[in-house]
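# Observations on the model geometry
The primary structure of each chain is shown beneath.
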Amino acid sequence: MNIKRSKPRRWNKLVFGPSGAAIKSQDGLQSYHNYDLSRVEVLVCLAVSSGFLFAVGLLFYGSFGIALILSLGAVFSLKYRKIQLAAKRKEELKRQFKQALYALSTALGAGRSVESAFRECIPDLQLLYPGHEAMIIRELEIVNRRVAIGEPMESALRDFGNRTDIPDIIQFAEVFATCKRTGGDLVEVLRKTSNMIGEKLEMEQDIAVLIAQKRFEAKALSFIPFGIIAFLAWSSPDYMTPLYEGFGRIVMTFALLLLALCFILSRKIMNIRI
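I will try to describe carefully the structure that is included in this document. Keep in mind that this is a model prediction, so the values were computed, not measured.

Conventions adopted
Residues numbered from 1 in each chain as written. Predicted model: local features only at pLDDT ≥ 70, side-chain atom pairs only at ≥ 80, totals over all residues. Heavy atoms only, no water. Helix = DSSP H or I, 4+ residues; strand = E, 2+ residues; numbered from the N terminus. Expected span 1.5 Å × (residues − 1). Buried < 20%, exposed > 50% of the residue type's maximum accessible area, 1.4 Å probe, protein only. Contact = heavy atoms within 4.5 Å. Axes fitted to C-alpha atoms, helices over the stretch in contact; angles between N-to-C directions. Parallel < 35°, antiparallel > 145°, perpendicular 65-115°, else oblique. Left-handed = near helix turned anticlockwise from the far one by under 90°. Nonpolar A, V, L, I, M, F, W, Y, C, P; charged D, E, K, R; others polar. Salt bridge = Lys/Arg side-chain N within 4 Å of Asp/Glu carboxyl O.

## Some details on helix 1 (residues 39-61)
Between its first and last C-alpha, helix 1 extends 32 Å over 23 residues, near the 33 Å set by a 1.5 Å rise per residue. Listed in full, the buried residues belonging to helix 1 are E41, C45, S49, V56, G57, L59, F60 and Y61. At its buried positions, helix 1 is contacted by helix 2 (64-71), helix 3 (77-109), helix 9 (212-235) and helix 11 (247-270). Directly after helix 1, the chain includes G62, whose backbone phi takes a positive value near 60°.

So this is what it looks like as structure tokens:
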């Protein structure tokens, strides 16, 4: 008699991003390493970037054909947009994770078991994030379901940390696993970990406030040259004519590349991480 073996259960629930973009890892769970743009996001990104590049092409070269060719470079902006949205999503998840640690330490301090504390903290988080399905609530529900079918808690947390690629969550999962093996004071570990992550986030926010003005100045300085060129092209077209012909286009290309390099350097300088 042939016995048909059932396939192992897989977590194939489809998870959606902020704008309806579906993000799945190989095992069906949400992966935070990359961000999959939705169709609307792709169209908006292409429209904005191609329009900007087309305007830059007309401004620096005064040629409709060159501007049209330059606008095709909008396809490369999709990768940058994915990286930008993935980083933004990780920052939001990191803030939500800090609140989850506070809720977990409170539940454990009240005498709850580890498994019960992870279940009890979800209603508290739903009070903080009403009206929408927060990422941390979704992830804690996944952890609870995996524990309910017999998977160790430390394994579920380690997988959560690996999928998020957030150092704070990865380190918490390792500390949690060590405490479970050695019988450490899990309540005190959670309290210290939440305090450390909270102080780190507050320091990052203070740094962001301090350099907010510099960020604005850097953006303004990046767009001022475009305004000057546009003003000269409108007010003195004869003065700009030599730059739109022959060797002048090489000069304009060099100036455009220099502006792009300055923009990239300013972004790297302002990107301060702790």
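From this point, things continue past the structure.
## Things to note about the packing of helix 7 (residues 167-182) against helix 8 (residues 186-210)
At a closest axis distance of 11 Å, the pairing of helix 7 and helix 8 adopts a crossing angle of 165°. In terms of orientation, helix 7 and helix 8 fall into the roughly antiparallel class. Every pair of crossing elements has a handedness; the one defined by helix 7 and helix 8 is right-handed. Residues D168, F172, V175, F176 and C179 of helix 7 pack against L186, V189, L190, T193, I197 and K200 of helix 8. In terms of residue class, the contact of helix 7 with helix 8 is built from eight nonpolar, one polar and two charged.

## Looking at the pattern of salt bridges
Scanning the entire structure with this criterion turns up nine salt bridges. The shortest N-O distance in the salt bridge between D159 and R146 comes to 2.6 Å. Taken as a pair, D159 in helix 6 (residues 153-164) and R146 in helix 5 (residues 135-148) lie far apart in primary sequence, 13 residues in all. By relative accessible area, which is 18% here, D159 ends up buried. Among the charged side chains, a network of salt bridges with common partners joins E139, R146, E151, D159 and R163.

## A few points about unusual backbone geometry
The phi torsion of most residues other than glycine is negative, and most of the peptide bonds are trans. In this model, D165 sits at a positive phi of 60°, which is unusual for a non-glycine residue. Owing to a relative accessible area of 38%, D165 belongs among the partly exposed residues under this scheme.

## Let's talk about the environment of P167
Its place among the elements puts P167 in helix 7. Separated by 73 residues in the primary sequence, P167 and K94 place their C-alpha atoms 9.6 Å from one another.

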